[in-house]
Amino acid sequence: MTTQPASAPASTDRSRSLALYLHIPFCTAKCGYCDFNSYEGLPGHLVADYTPALVREMELWAPAAKDLTVDTVFFGGGTPSLTSLDDMSQITAAIRAQFNISPDVEWTLEANPTELSREHLDGLRALGVNRLSMGVQSLQPEELTLLERLHSPERVIEAVRDARAAGFDNLNLDLIFGIMGQPLSKWQDTVERILELRPEHLSCYALTVEPGTALYYRVAKSQIEEPDPDVAADQYEWTRTRLAQAGYEQYEISNWALPGRECRHNLVYWHAEPYLGLGAGAHSFFLGRRIANVDAPNRYVEAVNESWEERQATGRGELRQIAGGETPDEATQRADAIILGLRLMRGISIADFTERFGVSPDDAFGPAIAKHEALGLLERVDGQLRLTERGLLLSNEVFVDLLPDEDDD
Ligand code: SF4
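Every value quoted in this text rests on a predicted model; they were computed, and no experiment measured them. (Residues numbered from 1 in each chain as written. Predicted model: local features only at pLDDT ≥ 70, side-chain atom pairs only at ≥ 80, totals over all residues.)

Attention now goes to the nonpolar core. In terms of nonpolar packing, the biggest core is built from 78 residues, with Leu20, Tyr21, Leu22, Leu54 and Leu175 touching the most fellow members. Broken down by element, the residue count for this core peaks at six residues, all from strand β1 (residues 17–24). Membership of the second largest hydrophobic core comes to 17 residues, among which are Ala337, Ile338, Leu387 and Val398. (Core = buried A, V, L, I, M, F, W, Y, C linked by C-beta atoms within 7 Å. Buried ≥ 20, exposed ≤ 12 C-beta atoms within 10 Å, placed from the backbone. Helix = DSSP H or I, 4+ residues; strand = E, 2+ residues; numbered from the N terminus.)

Below is the structure:
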């Protein structure tokens, strides 16, 4: 699940850094809860055409990124681990040819346990992938069935063991709690068995039933109950305590890491720093603009090819894969910075915010901050503004009050 620098080295000039995201939209089967831009059963020729299109999109963007250094690369999806090693080899070679890559680049690939063979893991390591993010979600067979995941709990254990043997020493495992009918004891059992694997990083998300998903229709037809938010809150509280005991630091609402193993790529998102997204449906915040590519993989491939051919013929041409873009105004940039920053446990530095925008958080968001401080959802500690423990559970109530008004400048 993707979905996205307090950990950035102090010496790094963040203004010259870039995070690169590549979207691989293919999946073996669509999971019941998934509303990501992912597809099962796409024709083979489209899968074959996708890698050359990604390489061409890199060529189209590379001149604009020539003065930047890529600190993190993230293959998300979809299921990037479905991409063959031949295709991965072409993609990674193109990244290295088109962009300046930091010597200590964090290079993450999202993977499903089902398809991860030892040979594939060895190949990924040899290509430079140094962080693996595995969609585990649960170690309870009945929960995996309900979520329409294809793997078994045993496959997860094997895949982690194989990843370790292949040399991956930076593993994230994604888990889902708050599943309908999931008692606290089942969630505890999953977490305890996951802790035995000692991943460097854990992402624990509450299940949300998104409109348009298979799960949504099953709930709408009363075939299954809705998730119980009170049970999810108890599970979340227990998780925070248990993972702290186990030595994991919670650094974001849904993310925990062993010391120094935060996800550098996702910290770029939470710090509202630039990132360039490539592939179908990928989003960017690049050169001061928010950009979204077309979702449909066939349209994406066609559009990139048209743009690339035009660029070859004329030396210029629009980027037709872009479905929409906007330059966020000052009010939107401030709102992005505070809402994304408050997702981090340390919150936002009041001094840094003031330096970045020329206005303090209190001047920009005074009534909303005062309201949520009074409600006990926000607090100030050592020059930081952050969510309280209660605020972690009710963060959306805070965030909605920080969104810019329609008529703000
Ligand atoms: S594997 Fe991930 S991206 Fe693919 S359908 Fe399942 S949840 Fe969605």
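Now for the site of the ligand. What surrounds the ligand is the set Cys27, Lys30, Cys31, Cys34, Phe36, Ser38, Gly77, Gly78, Thr79, Asn112 and Gly135. Partitioning the shell around the ligand into residue classes produces four nonpolar, six polar and one charged. (Near = placed C-beta within 6 Å. Nonpolar A, V, L, I, M, F, W, Y, C, P; charged D, E, K, R; others polar.)

Turning our eyes to something else, we now look at the packing of helix α13 (residues 361–374) against helix α15 (residues 395–402). Remark: α13 packs on α15, axes separated minimally by 9 Å, with the N-to-C direction vectors making an angle of 160 degrees. Relative to α15, the element α13 lies roughly antiparallel. Note that α13 runs across α15; the crossing there is right-handed. Packed against α13, whose contacting residues are Phe365, Ala368, Lys371 and His372, the element α15 presents Val398, Asp401 and Leu402 at the interface. When grouped by side-chain class, the residues that make up the contact of α13 with α15 number four nonpolar, one polar and two charged. (Axes fitted to C-alpha atoms, helices over the stretch in contact; angles between N-to-C directions. Parallel < 35°, antiparallel > 145°, perpendicular 65-115°, else oblique. Left-handed = near helix turned anticlockwise from the far one by under 90°. Contact = placed C-beta atoms within 7 Å.)

Along the chain, Ala232 turns up in helix α8 (residues 229–245). Take Ala232: there are 19 C-beta atoms within 10 Å of it, and that puts it in the partly exposed class. Residues Ala232 and Leu207, 25 residues apart in the sequence, show an inter-C-alpha distance of 8.6 Å. Aside from chain neighbours lying at most four places away, what touches Ala232 is Phe177, Gly178, Ala206 and Pro227.

We now examine the confidence of the model for the chain. On average, residues of the chain score 94 in pLDDT, and 96% of them reach the 70 mark or higher. Here residues 1–12 scores under 50 on pLDDT; set against residues more than four positions off or in separate chains, the count is 24 contacts. (pLDDT = per-residue confidence, 0-100.)

Moving on: the sheet that holds strand β16 (residues 378–381). Sheet architecture is open: three strands sit in the order β15-β17-β16, paired in antiparallel fashion. Lying at the two open borders of the sheet, with one neighbouring strand each, are β15 (348–349) and β16. Where β16 lies against strand β17 (residues 384–387), four bridges are found, and the strand directions are antiparallel. Residue pairing for β17: Leu378 is matched across the bridge by Leu387. Along the sheet face, α13 touches β15, β16 and β17 and points at about 120 degrees away from the line of β16. (Pairing = 2+ DSSP bridges.)

The next thing to look at is unusual backbone geometry. A cis amide bond links Gly77 with the next residue in sequence, Gly78, at an omega value of 15 degrees. With respect to the helices, strands and loops of the structure, Gly78 is situated in the loop between β4 (69–77) and α2 (85–98). In this model, Arg198 sits at a positive phi of 50 degrees, which is unusual for a non-glycine residue. You can see Arg198 is positioned in the loop between α6 (184–197) and β8 (201–206). What makes Arg198 exposed here is the crowd of 12 C-beta atoms within 10 Å. Although it is not a glycine, Asp382 sits at a positive phi angle of roughly 50 degrees.

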